[in-house]
Amino acid sequence: MKALLSSRPVLWFLFLLNLAVAAVAPFAVDGAQGIATAVGMGVVSLGAGSALLKGRGQAQHA
């Protein structure tokens with residue numbers, strides 16, 4: 001399962017989808033729930049983005 005979640009296509013999917021949801025959530029859901037959803041999805045998106053950048057740096061050094 002770890003190999004699947006760390007593959008580049010899955011990381012790009014997680015990054016872009018969660019970034020889009022984080023941008024739309026405060027407008028689609030009212031109140032604190034929309035803000036909490038945006039923050040949670042933003043954290044997941046940042047994690048996937050950092051994994052993409054980390055993998056890019058390793059590929060350049062190899």
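Cut-offs applied
Residues numbered from 1 in each chain as written. Predicted model: local features only at pLDDT ≥ 70, side-chain atom pairs only at ≥ 80, totals over all residues. Heavy atoms only, no water. Helix = DSSP H or I, 4+ residues; strand = E, 2+ residues; numbered from the N terminus. Rg over C-alpha atoms; globule rule 2.2 N^0.38 Å. Areas by Shrake-Rupley, 256 points an atom, 1.4 Å probe, with all protein chains shown as cover. pLDDT = per-residue confidence, 0-100. Polar contact = N/O pair within 3.5 Å; in protein donor to acceptor, adjacent residues only side chain to side chain. Contact = heavy atoms within 4.5 Å.

**As for the overall build of the protein**
Per the secondary structure count, the protein includes 3 helices and 0 strands. The order of α-helices and β-strands along the protein, N terminus first, is α-α-α. What you see for the protein is a C-alpha radius of gyration of 14 Å, clearly larger than the 11 Å of a compact globule of 62 residues, by over 25%. C-alpha atoms of the protein, sized along the principal axes, occupy 45 × 20 × 15 Å. Put simply, the protein shows about 4600 Å² of open surface, and 74% of that area lies on carbon and sulfur atoms.

**Considerations on the confidence of the model for the protein**
As a general rule, the predicted coordinates of low-pLDDT regions are not to be interpreted in detail. Summing up the model confidence of the protein, the mean pLDDT is 90 and the portion of residues at 70 or higher is 90%. Mean pLDDT per element in the protein: helix 1 (residues 2-5) is the minimum at 81, and helix 2 (residues 8-28) is the maximum at 96.

**Structural notes on the side chain of serine 45**
On the secondary structure map, serine 45 appears in helix 3 (residues 31-61). In this structure the side chain of serine 45 is engaged in a polar contact, spanning 3.1 Å, whose partner is the backbone oxygen of phenylalanine 15. Ignoring sequence-local partners within four residues, the contact set of serine 45 consists of Phe15, Asn18 and Leu19.

**Regarding the environment of leucine 52**
One can find leucine 52 in helix 3. For the pair formed by leucine 52 and tryptophan 12, sequence separation is 40 residues and the distance between their alpha carbons is 7.6 Å. In contact with leucine 52, not counting residues within four places along its chain, are Arg8, Leu11, Trp12 and Phe15.

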